[in-house]
Amino acid sequence: MSRRSKKAAPVSGAARPTVTVCRGCCCGTAAKIPRLDHEAQLADLRTSLAGVAMVRRVDCLDACERANVIVIQPSAEGRQAGGRPVWLGQVNDPGAAADITAWVTHGGPGLADPPDILDLYTFSPSHELDD
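Here the structure is a predicted model, which is why all the values come from computation and not from measurement.

Rules used in this analysis
- Residues numbered from 1 in each chain as written.
- Predicted model: local features only at pLDDT ≥ 70, side-chain atom pairs only at ≥ 80, totals over all residues.
- Heavy atoms only, no water.
- Phe/Tyr/Trp six-rings, centres within 6.5 Å; stacked < 30°, edge-to-face > 60°.
- Helix = DSSP H or I, 4+ residues; strand = E, 2+ residues; numbered from the N terminus.
- Core = buried A, V, L, I, M, F, W, Y, C linked by side-chain atoms within 4.5 Å.
- Buried < 20%, exposed > 50% of the residue type's maximum accessible area, 1.4 Å probe, protein only.
- Contact = heavy atoms within 4.5 Å.

Draft legend 1. Seen up close, the packing of aromatic side chains. Per the counting criterion, the structure on display carries one aromatic pair. On the numbers, 5.8 Å between centres and 75° between planes, the contact of Trp87 with Phe123 is edge-to-face. Note that Trp87 is positioned in strand 4 (residues 86-88) and Phe123 in strand 5 (residues 122-123), a separation of 36 residues in sequence.

Draft legend 2. The arrangement of the nonpolar core in detail. Counting residues in hydrophobic clusters, the biggest one holds 21 residues, and the most contacted among them are Val19, Leu49, Ile70, Ile72, Ile100 and Val104. Broken down by secondary-structure element, the contributors of at least two residues to this core are strand 1 (18-22), helix 1 (38-48), strand 3 (70-73), strand 4 and helix 3 (94-105). Top element by residues in this core is helix 3. It accounts for five residues. If we ignore the near neighbours within four places in the chain, the residues touching Val19 are Leu49, Ala53, Met54, Val55, Arg56, Ile70, Val71, Ile72 and Val104. Cys26, Cys27, Ala67 and Phe123 belong to the second largest nonpolar core, which has 13 residues in total.

Rendered as C-alpha cells:
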C-alpha cells in the first residue's frame, strides 16, 4: 500500500475505486457469522460510497476461512500512483465498514493511507482479482 497524502476520491465511472463484497457460501451468511446483519452491511457500504466507488457483490472470493471478505481495488489514478488491491478479511464489525468507507472516500489504495486499524484485517490471498 502506498503511503500518500490524502486527496479527494475521483467521482466518475471507471476512475472510481471498486469495493468487492463477498456474499457467497460463507461470507454473508448467518450460519458462518451469526451476529452481523450482512445485508445491512452491504447496503451501508453502497449508500456511504454512492458516487465515490463502485460497490459490487460477488458470490465467492475463495477465502472462506476469512469471512466476511472485502477487496478494495484502486481507482485508475490510485493504480498509477502505485496502489494495488487490498484484501480485508473478518470484516464483521460495523466499525470496520466505517473505516473502509472513510478510506475509500479519501481515495483508497495509492491515494490515501488506510486507517491503521485496517492492518488487523489485511491479508494476502492465494489468488488475485482480475482488474
